[in-house]
Structures are given as structure tokens and as C-alpha cells.
Amino acid sequence: MKNIKNDIERVLVSEEEIDAIVTRIAKQIDEDYAANDKKLVLVCILKGSLVFMGDLMKKITVPVEIDCMKVSSYGVGTETTGQIHIALDLLRPDIASCDLLIIEDIIDSGITLSHLTKYLKLKGAKSVRTCTLLDKPSRRRVEFTPDYCGTEIPDEFVIGYGLDYAEMYRALPFVGVLKPEVYTK
Ligand code: PRP
């Protein structure tokens, strides 16, 4: 069987580093929402955020509910048009009493979270904040700053810990840089 670890050029964020990031962010969330009298709902943006969300929610000690959305950019080739398509929406009748915290694996152009935060506010959420494990600020096409950020990374092709290339590598426990020959074949 193919050993996918041979496709990795190097580890960019190790398991230990991820664990420290998750611990730090969970503590910040605990502090920020300690006096919260509404429902805190962690919203996992499928699929990339699954692993981060799973680890983060185990370390948060304030009461949370969880939910999921699936969003994709309307693409033309490899370029996004700047519009998003909501394939799985948040269907909660109680949204007005919810503090939503969107959990992302990575911010690139910023288009997904920029649209999504506006959309969820328009839907009537009490508050909407954002949390990302990885941020690639050099790739921004729209201005966007997350409320919680794990680490900024350079513009490299990263996979693992939820992130994929052609649906592969999501289950790796670290964030790695993919060898260029894998995606230029
Ligand atoms: C990735 C990531 C974000 C989005 C960020 O999702 O999980 O949702 O792209 O990009 P942006 O800042 O340029 O909008 P992707 O479309 O790869 O789907 P996936 O999570 O299912 O892999």
C-alpha cells in the first residue's frame, strides 16, 4: 500500500505545536465566554475543520453546543469568483439566542469567512465570531481578521489535520507541506 507520508516535504505544524495551539485557544474561549448567558454554538465548516473542531471542543470547558455547515466557493478553474455556495445551512429556530463561533481549518482569500459571518448575522445570530487554526494572510483578497488564530503560515501547499489535496491526507495528525511533484503530476 502507498505510504502517504512519502508525499510530505516537511512538517510545518507538529502534533505537539497543534496541541499547544488548541490548549491556548480553548483557554481564551473559556475566558471570553465565561460570563455568557446565551448558548455558545461551535459551527464546524466541513470538511476541513472536523479534526480541529473535535480537538478544540474537548478542551473548552464552558458549555457548548455544536453544529455544522458546508460551504464552497463558486469556482472558475482554480480561481474563486468571490461568491460562496451554502451546501449545508445552519437550520436552528433558536439562532437569535445563539453566540456562534465559526471554526475553520484555514483562511486563504478570506472570502468564505467574510461572506459567512455577514450571512449568519443577517440570519439573526446574537453574535458571530471566528476561529481558525491556520491563516495565510499573504493570500487575502478581502480584508478579514479572525477573532482566534492558531498560527500564521506562509503561502505553501499544506495538508493534514483536516486539510486535503484531492480528498487525501486529512487524517494526518500534523500539518505538512506537500511535495510539489504530487500536485503537478
Ligand atoms: C477551505 C477552508 C475554508 C476555505 C478558505 O475549504 O476549509 O473553508 O477553503 O478559503 P478562503 O479563505 O479562500 O475562502 P475547502 O473549500 O477546501 O473545503 P474543505 O474544507 O471541504 O476541504
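Going by the structure above, here's the rest.
Residues numbered from 1 in each chain as written. Predicted model: local features only at pLDDT ≥ 70, side-chain atom pairs only at ≥ 80, totals over all residues. Heavy atoms only, no water.

## Observations concerning helix α2 (residues 50-59)
Because each turn of an α-helix spans 3.6 residues, side chains separated by three or four positions end up pointing in the same direction. Where α2 is concerned, the buried positions are Phe52, Met53 and Leu56. Along α2, the residues classed as buried sweep out an arc of 95° about the axis, all on the same side. (Buried < 20%, exposed > 50% of the residue type's maximum accessible area, 1.4 Å probe, protein only. Helix = DSSP H or I, 4+ residues; strand = E, 2+ residues; numbered from the N terminus. Arc of directions from axis to C-beta.)

## Observations concerning the sheet that holds strand β9 (residues 175-178)
A sheet is described by the order of its strands in space; here 3 strands give the open sequence β1-β9-β8, paired in antiparallel fashion. For this open sheet the edge positions go to β1 (8-13) and β8 (158-159), each flanked by a neighbour on one side alone. Relative to β9, β8 runs antiparallel, the two being bridged by 2 bridges. Looking at the pairing, Ile159 lines up with Gly176 of β9. (Pairing = 2+ DSSP bridges.)

## Some thoughts on the site of the ligand
Around the ligand there are 15 residues in total, and Glu104, Asp105, Ser109, Gly110 and Thr112 lie nearest to it. A distance of 3.1 Å is found between an oxygen atom of the ligand and a side-chain nitrogen or oxygen belonging to Lys70. Compared with its free state, where it exposes 500 Å², the ligand has 79% of that area covered by protein. Counting only elements with at least two residues in the shell around the ligand, the list comes to β5 (98-107) and α3 (111-122). Per element, the largest residue contribution to the shell around the ligand is 4 residues, and it comes from β5. (Near = heavy atom within 4 Å. Polar contact = N/O pair within 3.5 Å; in protein donor to acceptor, adjacent residues only side chain to side chain. Areas by Shrake-Rupley, 256 points an atom, 1.4 Å probe, with all protein chains shown as cover.)

## Things to note about the side chain of Asp99
With respect to the helices and strands, Asp99 occurs in strand β5. A residue is classified by how much of its surface remains accessible, and Asp99, at 2% relative accessible area, is buried. For Asp99, the side chain forms a polar contact with the side chain of Ser127, separated by 2.4 Å. Leave out the neighbours within four places in its chain, and Asp99 touches Tyr33, Asn36, Lys38, Lys39, Leu40, Val41, Lys126 and Ser127. (Contact = heavy atoms within 4.5 Å.)

## Quick look at unusual backbone geometry
Between Leu46 and the following residue, Lys47, the backbone shows a cis peptide bond with an omega angle of -5°. Within the secondary structure, Lys47 is located in the loop between β2 (39-46) and α2. A positive phi angle, close to 50°, is found at Ala166, a residue other than glycine. Even without being a glycine, Tyr169 presents a positive backbone phi close to 75°.

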